[in-house]
Amino acid sequence: MRALTFVPGEKGTLDVEELPDPEPQRGELLVEGLALGICGTDRELDEAEYGWPPPGKDRMVIGHESLGRVLESPDGSAFSPGDLVVGVVRRPDPEPCGACKHGEFDMCRNGRYTERGIKEIDGYGSQKWTVEAAYAVRLDPALADVGVLVEPASVVAKGWEQIERIGSRAWFEPHTLLVTGAGPIGLLAALLGRQRGMEVHVLDRAPRGFKSDLVEALGGTYHSGSSLESFADAKPDIIIECTGAGQLVIDSMITTAATGIVCLCGLAPGGRTHRVDAGVINRDVVLENDVIFGTVNANLRHFRDAAAALAAADRGWLERLITRRVPLSSALEAFQPAENDVKVVIDLTA
Ligand SMILES: [Zn+2]
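Residues numbered from 1 in each chain as written. Predicted model: local features only at pLDDT ≥ 70, side-chain atom pairs only at ≥ 80, totals over all residues. Heavy atoms only, no water.

An unreviewed UniProt entry annotates the chain as Glucose 1-dehydrogenase originating from Nonomuraea monospora. According to its UniProt record, the chain has this under Cofactor (unreviewed entry): "Zn(2+)". (UniProt positions renumbered as here; feature names shortened; annotations may be inferred.)

This is the structure in structure tokens:
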């Protein structure tokens, strides 16, 4: 079988290579890889900003946004050949911390977790892969073309779960959502907001066009810009910040309505400084009972929530999020950003 591999810690080593077919171990599924989503993390891995190979190896298979079809399943498992599945990315640390012990490895306390395609375990970027049945999620067969969006949607589903858990500390009927950044995470966050009946606004630097069409197709309002100034009066109840842009992160903290929740999903490199009036932020957060929190990764529960959210969404809209499909034979093209990319997917069957 062919697989997309790289050397963690070395720049520009991505290559499609021939590898022996994987052998499923006890309790594992053997899966035909259908598609692999590519995100910023994969580009960072290729840039050697990140990534750890499996112990004793130099190269590893990349890929954490999976989609496949079960070829073989262990007797007595909940899976059957032909099932459409996605694999969970993270595994708990070998001597699990309290959170990992409770299945909440997305909240790992000691950082010794491992991750498919990122940290010490081969990823899902191969024509066949194995996965423990306990870390696989079965999808609605109707998601065959878009199920590769489950992993990014799982990150968003976790964000929403956390928002709702935070909200439940007091009376909570949020009305308005603002999402900053109309990439895959932002657009999926907007989708899940609409599924909760919220009035949805999405802010992105891009002028009106493809992204505004996607937001409006959801019934949301698109704002082309890079500042939260226009939200200073009609303040949203919830902000999901997906850009990591310093000024937006700072401004989001003072732009919510009372008891506002700011969910930070974006990441930015360090090294840029911003002048802030700490007193203004402090007063705003305290006097409004605001909560600002960060979120990353997802556990099995969030993958299931994401699969359910996508199954309930408009299939055509989800298909439009996948703006480019690249065959495995020219997989490196998926790592070159192109104009109007939202989600780029590698077709593992081609
Ligand atoms: Zn842990």
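Next comes the rest of the write-up.
Here the second largest pocket is characterised by a volume of approximately 380 Å³. Taken together, 21 residues form the lining of the second largest pocket, with Pro22, Lys57, Val61, Arg116 and Asp122 sitting closest to its centre. Looking at the lining of the second largest pocket, the elements that each hand over two or more residues are strand E4 (60–61) and strand E10 (128–132). With 4 residues, E10 is the largest single contributor of residues to the lining of the second largest pocket. When grouped by side-chain class, the residues that make up the lining of the second largest pocket number 8 nonpolar, 4 polar and 9 charged. (1 Å grid on protein atoms, 1.4 Å probe; cavity = no way out; pocket = protein on both sides within 12 Å on 5 of 7 lines; lining within 4 Å. Points joined across faces, edges and corners; volume = space filled by probe spheres on them. Helix = DSSP H or I, 4+ residues; strand = E, 2+ residues; numbered from the N terminus. Nonpolar A, V, L, I, M, F, W, Y, C, P; charged D, E, K, R; others polar.)

Attention now moves to the sheet that holds strand E9 (residues 120–121). One open sheet holds the 3 strands; their spatial order is E7-E8-E9, and the pairing between them is mixed. At either margin of the open sheet sits one strand with a lone partner, and together these are strand E7 (90–91) and E9. (Pairing = 2+ DSSP bridges.)

Let's shift gears to the pairing of strand E13 (residues 199–204). With 5 of 6 residues buried, E13 lies mostly within the body of the structure. Both strand E12 (residues 176–180) and E13 contribute to a ladder of 5 bridges, which runs parallel. Bridged to Thr180 within E13 is Leu203. With helix H4 (residues 184–195) bridging E12 and its parallel neighbour E13, the resulting β-α-β unit is right-handed. Both E13 and strand E14 (residues 221–224) contribute to a ladder of 4 bridges, which runs parallel. Considered in E14, the bridge of Leu203 is made with His223. Traced from E13 through helix H5 (residues 210–217) to E14, the parallel crossover comes out right-handed. (Buried < 20%, exposed > 50% of the residue type's maximum accessible area, 1.4 Å probe, protein only. Right-handed = clockwise from strand over helix to strand, strands pointing away.)

Per the UniProt annotation, the sites labelled "domain: Glucose dehydrogenase C-terminal" (unreviewed entry) are residues 144–348. Here residues 144–348 runs as 37% helix and 19% strand, with 13 Å between its end C-alpha atoms.

Further remarks concern the coordination of the zinc ion. Within the protein, the zinc ion binds to Asp93 (OD), Cys97 (SG), Cys100 (SG) and Cys108 (SG); these donor distances fall in the range 2.0 to 2.4 Å. Every donor counted, the 4 donor atoms about the zinc ion form angles of 82 to 137° at the centre, which fits irregular coordination. In the primary structure, the donors to the zinc ion are separated according to the pattern D-x3-C-x2-C-x7-C. On the basis of relative accessibility, which here comes to 9%, the residue Cys97 falls in the buried class. In this structure Cys100 comes out as buried when scored by relative accessible area, which is 6%. (Donors = N, O, S within 2.8 Å, 3.2 Å for Na, K, Ca; no water. Tetrahedral: all angles 85-135°; square planar, octahedral: opposite > 155°, others 65-115°.)

Within the open sheet, the 3 strands sit side by side as E2-E1-E4. Their pairing is antiparallel. Sheet topology places strand E2 (15–18) and E4 at the edges, where each strand pairs with a single neighbour. The pairing of strand E1 (residues 2–6) with E4 spans 2 bridges and is classified as antiparallel. The residue of E4 that forms the bridge with Phe6 is Met60.

Here we come to the packing of helix H3 (residues 150–167) against helix H8 (residues 300–312). Where H3 contacts H8, the two axes come as close as 7 Å, and the packing angle between them is 105°. Here H3 is positioned roughly perpendicular relative to H8, judged by the angle of their axes. Residues Val150, Glu151, Ala153, Ser154, Ala157, Lys158, Glu161 and Arg165 of H3 form the contact with H8, whose participating residues are Arg301, His302, Phe303, Asp305, Ala306, Ala307 and Leu310. For the contact of H3 with H8, a count of residues per class yields 7 nonpolar, 2 polar and 6 charged. (Axes fitted to C-alpha atoms, helices over the stretch in contact; angles between N-to-C directions. Parallel < 35°, antiparallel > 145°, perpendicular 65-115°, else oblique. Contact = heavy atoms within 4.5 Å.)

Using the criterion set out here, one finds 3 aromatic pairs in the structure. An angle of 65° between the planes, with centres 4.6 Å apart, marks the rings of Tyr124 and Trp129 as edge-to-face. Comparing Tyr124 with Trp129, the two get one shared label, buried. In this structure, Arg91 is placed above the aromatic ring of Tyr135, and the distance from its NZ or CZ to the ring centre is 4.2 Å. Above the face of the Phe79 ring, Arg138 is positioned so that its terminal group lies 5.3 Å from the ring centre. (Phe/Tyr/Trp six-rings, centres within 6.5 Å; stacked < 30°, edge-to-face > 60°. Lys NZ or Arg CZ within 6 Å of the ring centre and 35° of its normal.)

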